[in-house]
Amino acid sequence: RQRRLRRLIGRAARTRDGIAVGLQANLELPEDVETARANGAAGVGLYRTEFLYMNRLDLPDEEEQFASYAAMIEGLGGIPTTIRTLDLGADKDSAAQPIEPSGNPALGLRAIRLCLKEPALFRPQLRAILRASALGPVRLMLPMVSGVREVVAVRQLLEQLKRELASEGLAHDPALPLGAMIEVPAAALAAGAIARHCDFLSIGTNDLIQYTLAIDRLDDAVNDLYDPTHPAILRLIRMTIEAGRTRGIPVGMCGEMAGDARFTRLLLGLGLREFSMQPGALLDVKEVVLTADTRTLQQRTETLFARLDETDPQDLLAALNTD
Ligand code: PEP
Ligand code: MG
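Residues numbered from 1 in each chain as written. Chains lettered and ligands numbered in written order. Predicted model: local features only at pLDDT ≥ 70, side-chain atom pairs only at ≥ 80, totals over all residues.

An unreviewed UniProt entry lists the protein under the name Phosphoenolpyruvate-protein phosphotransferase, with Marichromatium purpuratum 984 as the source organism. In UniProt, the protein has this text filed under Sequence similarities (unreviewed entry): "Belongs to the PEP-utilizing enzyme family." Regarding the protein, the relevant UniProt record gives this comment under Cofactor (unreviewed entry): "Mg(2+)". (UniProt positions renumbered as here; feature names shortened; annotations may be inferred.)

**What about the confidence of the model for the protein?**
In this model, the protein carries a mean pLDDT of 97, and residues with pLDDT of at least 70 account for 100%. Averaged over each element, pLDDT in the protein is lowest for helix H1 (residues 2–6) (93) and highest for strand S6 (residues 200–203) (99). Across the predicted assembly, pTM comes out at 0.97 and ipTM at 0.99. (pLDDT = per-residue confidence, 0-100. Helix = DSSP H or I, 4+ residues; strand = E, 2+ residues; numbered from the N terminus.)

**Points about helix H12 (residues 282–291)**
Among the residues making up H12, those that are buried are Leu 282, Leu 283, Val 285, Lys 286 and Val 289. In a view along the axis of H12, the buried residues occupy a sector of 155°, so they form one face of it. Buried positions along H12 lie against H1, strand S1 (22–27), helix H11 (264–269) and strand S8 (274–277). (Buried ≥ 20, exposed ≤ 12 C-beta atoms within 10 Å, placed from the backbone. Arc of directions from axis to C-beta. Contact = placed C-beta atoms within 7 Å.)

**Side note on the packing of helix H3 (residues 62–76) against helix H5 (residues 119–132)**
Closest axis-to-axis distance for the H3/H5 pair is 8 Å, and the angle between their directions is 35°. Both H3 and H5 take part in a crossing whose hand is right-handed. Contacts from Glu 62, Gln 65, Phe 66, Tyr 69, Ala 70 and Ile 73 of H3 reach H5 at Pro 124, Gln 125, Arg 127, Ala 128, Ile 129, Arg 131 and Ala 132. Among the residues forming the contact of H3 with H5, the class breakdown is eight nonpolar, two polar and three charged. (Axes fitted to C-alpha atoms, helices over the stretch in contact; angles between N-to-C directions. Left-handed = near helix turned anticlockwise from the far one by under 90°. Nonpolar A, V, L, I, M, F, W, Y, C, P; charged D, E, K, R; others polar.)

**Digging into the site of ligand 1**
Every residue lining ligand 1 is accounted for by Leu 46, Arg 48, Asp 87, Glu 183, Gly 204, Thr 205, Asn 206, Asp 207, Cys 254 and Gly 255. Where the shell around ligand 1 is concerned, the elements lending two or more residues are strand S2 (44–48) and helix H9 (205–213). Counting residues per element, the shell around ligand 1 draws most heavily on H9, which supplies three residues. For the shell around ligand 1, the class distribution of residues is two nonpolar, four polar and four charged. (Near = placed C-beta within 6 Å.)

**Remarks on the environment of Gly 147**
Examined against the element boundaries, Gly 147 turns out to sit in the loop between strand S4 (138–142) and helix H6 (148–167). Gly 147 has contacts with Ala 186, Ala 187 and Ala 190, leaving out every residue within four places of it along the chain.

**Structural notes on the sheet that holds S8**
With parallel pairing, the eight strands of this closed barrel are ordered in space as S1-S2-S3-S4-S5-S6-S7-S8. With strand direction ignored, the average angle separating the axes of adjacent strands in the sheet is 25°. Pairing analysis gives two bridges linking strand S7 (residues 251–253) to S8, with the strands arranged parallel. Paired with Gly 252 across the two strands is Glu 274, which belongs to S8. Set on the sheet, helix H10 (residues 231–247) makes contact with strand S5 (178–182), S6 and S7; between it and S6 the angle comes to about 170°. (Pairing = 2+ DSSP bridges.)

Here it is as structure tokens:
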């Protein structure tokens, strides 16, 4: 089976009815660049930048971050890269930027909220990403957005930083695409409004499931309740994809659901066309994409949605995963 999968590396990810599907990699460490390329990633849909802040007591400055992003862009050899701004807090902490302990860190000062409150933390990262965008196709993505306000605030800050860079003679892409992760239920419900201020959206199912179902993603005691096919989750995913389509912007998914081949047909049926995942899952998902027919899947998904609350998730998947 591994050998059969290896043969798919160079194949374009197209469905049987000729629809191109973007299969991208999630990167956590610089060495993941190699694995992504080795598995034929068409791009990077999520570059987690937290590693730059881990296992150290000082914050990385703009130059260090720029050098790191530049090396990564070079290593990726021209495929588009989505760099996510710092997502600290709750399950991701750093001694370099301690966060005041709180009773409910998952609901506390974290990710984009923290960055907007701490310009000394955020500005060097945005400047480094802007400068890196002169070196290859880069997109900028914000974690834990809960509404339009945060996107607008980042846009304003970016415009200010672009003027700064221009006056310093530092190259950057003035049209750097800006996107929001949809991983808080409020953001999915407000996806239409958020899409109006974004160039793309990306669904983060790891947190979307945690917040929608009120299931701690790291708590083993409730692990069995963590269900990507819960009707509430499927509706939020569908709403987000629809919002992107209405606004004419791409919608991807970079949570673990995107890299689980059991869900590939369901997601294609919901209209998803960009999947970002741990590089090791790319060929498994590609194998499913190559044999899928999006027209049939979209029709079947529509039918299943009409009685979603009455349908057992196993039956739903079985109905989509058999020809
Ligand atoms: C997510 O929440 O789905 C996601 C991709 O982000 P992370 O796993 O880094 O929180
Ligand atoms: Mg997340």
